[in-house]
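# Working through the structure, step by step
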Amino acid sequence: MGLAIAFIFCLILSRLIYVQLVWGTELKYKATDQWNREIPVIANRGIISDTNGEILVGNKTTYSVFLRPNAVKDAVNTANVLSGLFSLEPASVLEKINGGKVSEITVARQVDKTSIEKLVSYDLPGVYYSRDNTRQYTYDDVLCQVLGFTSNDGSGLSGIEKYYDYIMGGTNGEISYSTDIVGIETENSVVIYSEAKPGDEIRLTIDIEIQLAAEEAMRRAYASSGAKSVSCIVLNPQNFDVLAMVNYPSYDLNNVPRDDPETLNSQSRNSVVCDIYEPGSTFKVITAAANVEENLKGNKNAFSTSHIFNGSRTRTVDGTKIKCWSDHSNGKHSNQTLADALNNSCNPCFTDIALSLGKEVFYNYLNAFGFGNVTGIDFNGEALGMLVPQSLVRDCDLARIGFGQTVAVTGLQLACATAAAVNGGNYYTPHLLKSIVLSNGKVENFSPVLKSKPISKQASSVIASMLEGVVTEGSGKKAYIEGYRVGGKTGTAQKYEDGHIASGKYISSFVGFFPADKPQYLALIIVDEPQGTYYGSAVAAPVAGEIFQDIISIKNIKPFV
């Protein structure tokens, strides 16, 4: 008996030691949580500004309203008041009050100050409110697919708001006070206030003046072409800063169509980064760049800049006929050099280049120019593009890739590759973040990252000069600006549906840059399914010219003559 009593005593003592020393901290926390209630204090979300500090996204003060059913004294009156103030169903509110299933209910979020003042005047027991923040977008639908939007609780759901949520989100605080067992505040309750820590500011590479000019130009292009959609990206080719990015149609960030998922999904998608398309003749810039670089290296399979290409309209590769877009009847496609082939956008010439270089050499350049892989931009959902694996590519595939078919790219990929082809041969990681402005005022700047050097400075200079000729003499004439050296390349590609050419459906594009001798601005214009005239030279090139003229005016750039 004595041994049994001693054993039981030891068990009880061991349990007591465990509860006090091991489990004690957790139990204290649970007790404190039961006897205390907290009202959240939402941190100010960091603002988003453009490269010059112009605010693109800020905050306006709003409030959240909470209800503690156990502390409500008149359920019917409380339900009627709350439903009247916040457009709720009285029966639904009353059911939640009487349900007894939860200790706290969120009645409404993003409530304005006037409504809160009315709520306070009723002095309803069990009803509380706290300050939160609602995002305020300065330019409504401008940059909507890039900036993205937040949830009702203030966390980022898409775009920059999501990608840099961890920087802008901050840390919430709280107001804590003691209550009795049913959640009613005690008479001598001690209120403890924990301050919220605001988020940091994100400063983008976007230049809002250029962005607004690009937005207006693309809206006009959308209206005049009857297109399904239009997209544009403006880069600084010297460091791959994204200066503007437009996708249209768009939506109002201050009135997000959350109740229409189909519209929201289609209009909130950043097509320039997340969607792929067959580029057509704009891709010839890359083929030409690879050829020039290999010729400078002494590769006998590459063509010199003075080489005269066969004027035949058709090439037969692996039993497949590959034709030029032109019937060659006007004589312009006869006796062509590489510069002429770019001017005339002659498909067979670029077929010859791709086949002559061979798949190993040509694919080395495609990889160096970033095709078949993400660029690494600071944005979620970037597409890889589509590139036939080198081990599986046939000669007929290689021939078509040479002039921009049998390959699919994102607008961002093509813009970056073209920039590297004309900026001296440097491929940087494109980026939207310029700097982070910390809450203490300290600024952390982003530095451009050089990823590769696809071609030499000499080859790049040759390509830039040839593309200047495309604008002054060739298919890109409608992007020409008197007194300014503009280069570029047009593109017109047929669309495919279910593996077959979609009759009458095209993607028209133009990629251009200036000044041609040392590019500072590059723009890619994509017009999806224009109605009527569909050639990139007629549909897309003029839009780039408009944007360049606006940039010249905004930045007060003087002509070279």
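Residues numbered from 1 in each chain as written. Predicted model: local features only at pLDDT ≥ 70, side-chain atom pairs only at ≥ 80, totals over all residues. Heavy atoms only, no water.

## Thoughts on the overall build of the protein chain
- Along its length, the protein chain carries 19 helices and 22 strands.
- For 561 residues, the compact-globule formula gives about 24 Å, and the C-alpha radius of gyration of the protein chain, at 32 Å, lies well above that figure.
- Seen through its principal axes, the protein chain has C-alpha atoms that stretch 105 × 65 × 50 Å.
- Here the protein chain holds 561 residues, and 51% of them are scored as buried.
- Of the roughly 26000 Å² that the protein chain leaves accessible, carbon and sulfur atoms contribute 50%.
- If you average the places of the 48 positive and of the 58 negative side-chain charges in the protein chain, the two averages end up 6 Å apart. (Helix = DSSP H or I, 4+ residues; strand = E, 2+ residues; numbered from the N terminus. Rg over C-alpha atoms; globule rule 2.2 N^0.38 Å. Buried < 20%, exposed > 50% of the residue type's maximum accessible area, 1.4 Å probe, protein only. Areas by Shrake-Rupley, 256 points an atom, 1.4 Å probe, with all protein chains shown as cover. Lys, Arg positive; Asp, Glu negative; His and termini not counted. Charge placed at Lys NZ, Arg CZ, Asp CG, Glu CD.)

## Quick word on the pattern of salt bridges
- Counted under the stated rule, the structure contains 16 salt bridges.
- The salt bridge partner of Asp141 is Arg219, with a shortest N-O separation of 2.8 Å. Of this pair, Asp141 sits in the loop between strand 5 (127-137) and helix 6 (144-147) while Arg219 is found in helix 9 (residues 208-225), placing the two residues 78 residues apart along the sequence.
- Under the relative-accessibility criterion, Asp141 is labelled buried at 18%.
- Looking at Arg219, the relative accessible area reads 22%, which means it is partly exposed.
- Linked by salt bridges that have partners in common, Arg45, Arg135, Glu161 and Asp165 make up one network. (Salt bridge = Lys/Arg side-chain N within 4 Å of Asp/Glu carboxyl O.)

## Here's the deal with the sheet that holds strand 15 (residues 407-410)
- Ordered by their spatial adjacency, 3 strands build an open sheet running 11-15-14, and the pairing between neighbours is antiparallel. One side of each edge strand has no neighbouring strand; the edge strands of this open sheet are strand 11 (276-277) and strand 14 (386-387). (Pairing = 2+ DSSP bridges.)

## A word on the packing of helix 12 (residues 284-296) against helix 14 (residues 347-368)
- Where helix 12 meets helix 14, the axes come as close as 9 Å, and the angle between the chain directions of the two elements is 70°. When the axes of helix 12 and helix 14 are compared, the pair comes out roughly perpendicular. Packed against helix 12, whose contacting residues are Lys284, Ile286, Thr287, Ala288, Ala290, Asn291, Glu293 and Glu294, the element helix 14 presents Asn347, Phe350, Ile353, Leu357, Val361, Phe362, Tyr365 and Leu366 at the interface.
- A breakdown of the residues in the contact of helix 12 with helix 14 according to their chemical character gives 10 nonpolar, 3 polar and 3 charged. (Axes fitted to C-alpha atoms, helices over the stretch in contact; angles between N-to-C directions. Parallel < 35°, antiparallel > 145°, perpendicular 65-115°, else oblique. Contact = heavy atoms within 4.5 Å. Nonpolar A, V, L, I, M, F, W, Y, C, P; charged D, E, K, R; others polar.)

## Focus on a nonpolar patch on the surface
- Taken together, Phe9, Leu13, Leu16, Ile17, Tyr18, Leu21 and Val22 make up a surface patch of nonpolar side chains, about 720 Å² in accessible area.
- With respect to the helices, strands and loops of the structure, Leu21 is situated in helix 1 (residues 2-22).
- By relative accessible area, Leu21 is classed as exposed at 66%. (Patch = residues over 30% accessible without salt bridge, like charges linked within 9 Å, V, L, I, M, F, W, Y side chains within 5 Å.)

## Describing the sheet that holds strand 9 (residues 229-236)
- Taken in spatial order, the 5 strands make up an open sheet running 10-9-22-21-20, and their pairing is antiparallel. Every other strand in the sheet has two partners, leaving strand 10 (241-248) and strand 20 (487-497) as the edge strands with one partner each. The sheet shows a mean angle of 10° between the axes of neighbouring strands, taken without regard to direction.
- Of the pairings in the sheet, the one linking strand 9 to strand 22 (residues 521-528) comprises 7 bridges and is antiparallel in character. Bridge pairing in strand 22 links Ser229 to Asp528.
- The strands touched by helix 9 within the sheet are strand 9, strand 10 and strand 22, with strand 10 carrying the most contacts at an inclination of about 30°.
- Lying over the sheet, helix 19 (residues 541-554) contacts strand 9, strand 20, strand 21 (500-514) and strand 22, oriented at roughly 25° with respect to strand 21.

## So, the pairing of strand 15
- Across the two faces of strand 15 the burial is the same, with Val407 and Val409 and Ala408 and Thr410 all buried.
- Across 2 bridges, strand 11 lies against strand 15 in antiparallel orientation. Paired with Tyr277 across the two strands is Val409, which belongs to strand 15.
- Bridging between strand 14 and strand 15 involves 2 bridges; their strand directions are antiparallel. Residue Leu387 lies in a different strand from strand 15, and its bridge partner there is Val407.

## A look at the environment of Gly199
- As for its position among the elements, Gly199 is in the loop between strand 7 (192-194) and strand 8 (201-204).
- Of the residues examined, Gly199 reaches a relative accessible area of 13% and is grouped as buried.

## Brief notes about the side chain of Gln145
- Topologically, Gln145 is positioned in helix 6.
- Within the local environment of Gln145, its side chain forms a polar contact with the backbone oxygen of Gln267, the two atoms lying 2.9 Å apart.
- Setting aside residues up to four positions removed in sequence, Gln145 forms contacts with Gly159, Asn247, Pro249, Ser250, Gln267, Ser268, Arg269, Asn270 and Phe379. (Polar contact = N/O pair within 3.5 Å; in protein donor to acceptor, adjacent residues only side chain to side chain.)

## Here we look at unusual backbone geometry
- Note that the residue after Tyr248, namely Pro249, is joined by a cis bond; omega there is 10°.
- Residue position: Pro249 is located in the loop between strand 10 and helix 10 (261-267).
- Phe514 connects to Pro515 through a cis peptide bond whose omega is -15°.
- The topology assignment puts Pro515 in the loop between strand 21 and strand 22.
- One non-glycine residue with positive phi stands out, namely Thr406, at about 60°.
- Residue placement: Thr406 occurs in the loop between helix 15 (395-401) and strand 15.
- Positioned with a positive phi, Asn556 is a non-glycine residue whose angle comes to about 55°.
- For Asn556, the location among the structural elements is in the segment after helix 19.

## Some points on the side chain of Asn247
- With respect to the helices and strands, Asn247 occurs in strand 10.
- A polar contact of 2.9 Å, which involves the side chain of Asn247, links it to the side chain of Asn270.
- When neighbours within four sequence positions are excluded, Asn247 is seen to be in contact with Gln145, Val230, Ser231, Arg269, Asn270, Ser271 and Val272.

## Quick look at the packing of aromatic side chains
- With the rule as written, the count across this model stands at 13 aromatic pairs.
- Residues Phe303 and Phe309 carry aromatic rings whose centres are separated by 5.0 Å and whose planes lie at 55° to one another, so their mutual orientation is tilted. Neither residue differs from the other here; Phe303 and Phe309 are each classed as buried.
- Grouped by ring-pair contacts, the aromatic residues Tyr163, Tyr164 and Tyr166 constitute a single cluster. (Phe/Tyr/Trp six-rings, centres within 6.5 Å; stacked < 30°, edge-to-face > 60°.)

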